[in-house]
There are 2 protein chains.
Amino acid sequence: MSESVLRNLRPDVNAAQCPSRLILEHVTSRWGVLVLAALLDGSYRFSELRRMIGGVSEKMLAQTLQTLERDGFVHRDAKPVIPPRVDYSLTEFGREVAQQVWELARWTERSIDRVEAARTAYDEARS
Amino acid sequence: MSESVLRNLRPDVNAAQCPSRLILEHVTSRWGVLVLAALLDGSYRFSELRRMIGGVSEKMLAQTLQTLERDGFVHRDAKPVIPPRVDYSLTEFGREVAQQVWELARWTERSIDRVEAARTAYDEARS
DNA sequence: CAGTATCCGTGGTGATACTG
DNA sequence: CAGTATCACCACGGATACTG
């Protein structure tokens, strides 16, 4: 690991000096992971995403989508029809992160048992 | 993407039913990423980590290390000497996540320019 | 339908002080 | 040195109501 990268990830410095940390927070955020994962499947409407993910408030879904769109990961296609129809999809760029995040998510999935065993051992060691 | 995994990642259900989401939050947490990254280099003492990472409060470093230790990612070696000496390192298991997280961090590093360009475009489009 | 606006509670976070 | 304990803050997230 290079020193410089760790330094660049340091959250103590302000946002302008720590851009990668911010991006990381966006894509690994509570709902960011789920939105990216969902969009790996294809294009979805706002309400579809809301149903797919489940548990997201409208506010947080909108906020998450906006952040990801602004970072260039998500493409927003608003059709000028009534009632409004908006489709979200991954940009090519976004697909790269989504896959990475997805790999990480799958790794954790596979590791649940090992982690839980570790936790049990840890907890028992101090009781 | 399988539906089941997305469901398993859903944060609306409680912790017991959504274990992978919790693990993900631990390793991608604000300081978790940095601790894992730092430990990819080798073994370090508490104060060394504190200096390396920079900006962490003692409390948060301790808390992060404990969480990662409990999950089985970090090994804590407390030597019974005075003054106390504690060394932290990655477990083999922890090295796996650390590398994944590290890859993601490096990806964001490489993508800073693209993201910032996207942001500029986004911001200009609505002003 | 696809959001925005607003209010409000909670817990994550940090500063400080203290201990073995 | 390597933490723990305590307190205080405020930003994040959720619920609700409203709009184009």
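Residues numbered from 1 in each chain as written. Chains lettered and ligands numbered in written order. Predicted model: local features only at pLDDT ≥ 70, side-chain atom pairs only at ≥ 80, totals over all residues. Heavy atoms only, no water.

Another aspect to go through is the packing of aromatic side chains. By the definition in use, this model includes 6 aromatic pairs over all chains. Here the aromatic rings of A:F73 and B:W107 are separated by 6.1 Å at their centres, their planes lie at 45°, and the arrangement is tilted. One end of the pair, A:F73, is in the loop between α5 (58-70) and β2 (74-79); the other, B:W107, is in helix α6 (residues 92-125), on a second chain. Neither A:F73 nor B:W107 differs from the other in exposure class; each is buried. Grouped by ring-pair contacts, the aromatic residues A:F73, A:F93 and B:W107 constitute a single cluster. (Phe/Tyr/Trp six-rings, centres within 6.5 Å; stacked < 30°, edge-to-face > 60°. Helix = DSSP H or I, 4+ residues; strand = E, 2+ residues; numbered from the N terminus. Buried < 20%, exposed > 50% of the residue type's maximum accessible area, 1.4 Å probe, protein only.)

DNA strand C sits among 19 residues. The nearest are A:R45, A:S47, A:R76, A:Y88 and B:K59. Sugar and phosphate atoms form 56% of the subset of DNA strand C atoms that lie within 4 Å of the protein. Within the side chain of A:E58, one N or O atom sits 3.0 Å away from a base nitrogen of DNA strand C. Between DNA strand C and the protein, one listed contact pairs a phosphate oxygen with a side-chain N or O atom of A:Y88 at 2.5 Å. Elements with a contribution of two residues or more to the surface near DNA strand C: α4 (46-53), α5 and β3 (85-90) of chain A together with α5 (58-70) of chain B. Examining the composition of the surface near DNA strand C, we find that 4 residues originate from one element, α5(A), more than from any other. Of the residues in the surface near DNA strand C, the class split is 9 nonpolar, 2 polar and 8 charged. (Near = heavy atom within 4 Å. Polar contact = N/O pair within 3.5 Å; in protein donor to acceptor, adjacent residues only side chain to side chain. Nonpolar A, V, L, I, M, F, W, Y, C, P; charged D, E, K, R; others polar.)

Further remarks concern the relation of the copies chain A and chain B. Superposition of chain A onto chain B requires a rotation of 180° combined with a translation of 0.0 Å along the rotation axis, giving an RMSD of 0.1 Å. One copy is carried onto the other by what is essentially a two-fold rotation axis. Ranked by how close their C-alpha atoms come to the rotation axis, the residues of chain A are headed by A:T28, at 3.3 Å. Mapped onto chain B, 100% of the interface residues of chain A are again interface residues, and the two copies thus contact each other with one and the same surface. (Least-squares fit on C-alpha atoms with pLDDT ≥ 70 in both. Contact = heavy atoms within 4.5 Å.)

Often, the extent of an interface is quoted as the loss of accessible area on bringing the components together. Contact residues are listed per partner, giving 58 residues for chain A and 58 residues for chain B. Between chain A and chain B, roughly 5,600 Å² of surface is buried when both sides are summed, and carbon and sulfur atoms account for 65% of that area. Counting the contacts that link chain A with chain B gives 6 salt bridges. Between A:R114 and B:E96 there is a salt bridge; the shortest N-O distance is 3.4 Å. The tally of links from chain A across to chain B stands at 16 residue pairs in polar contact (both at pLDDT 80 or more). Of all the elements in the fold, those that place two or more residues in the side of chain A that touches chain B are α1 (3-9), α2 (19-27), α3 (32-39), α4, α5 and α6 (92-125) of chain A. A per-element tally of the side of chain A that touches chain B places α6(A) first, with 21 residues. Its residues placed into classes, the side of chain A that touches chain B shows 27 nonpolar, 13 polar and 18 charged. (Buried area = accessible area lost by both parts, 1.4 Å probe. Salt bridge = Lys/Arg side-chain N within 4 Å of Asp/Glu carboxyl O.)

We now examine the packing of α6(A) against α5(B). It is at 8 Å that the axes of α6(A) and α5(B) come closest, and there the two elements cross at 115°. Accordingly, the angle class assigned to the pair α6(A) and α5(B) is roughly perpendicular. Contacts between α6(A) and α5(B) pair A:V115, A:A118, A:R119, A:Y122 and A:D123 from the former with B:Q66, B:E69 and B:R70 from the latter. A per-class count over the contact of α6(A) with α5(B) returns 3 nonpolar, 1 polar and 4 charged. (Axes fitted to C-alpha atoms, helices over the stretch in contact; angles between N-to-C directions. Parallel < 35°, antiparallel > 145°, perpendicular 65-115°, else oblique.)

The next subject is the confidence of the model for chain A. On average, residues of chain A carry a pLDDT of 88, and 87% of them reach 70 or more. Predicted confidence in chain A is weakest over α1(A), with a mean pLDDT of 61, and strongest over β3(A), with 98. (pLDDT = per-residue confidence, 0-100.)

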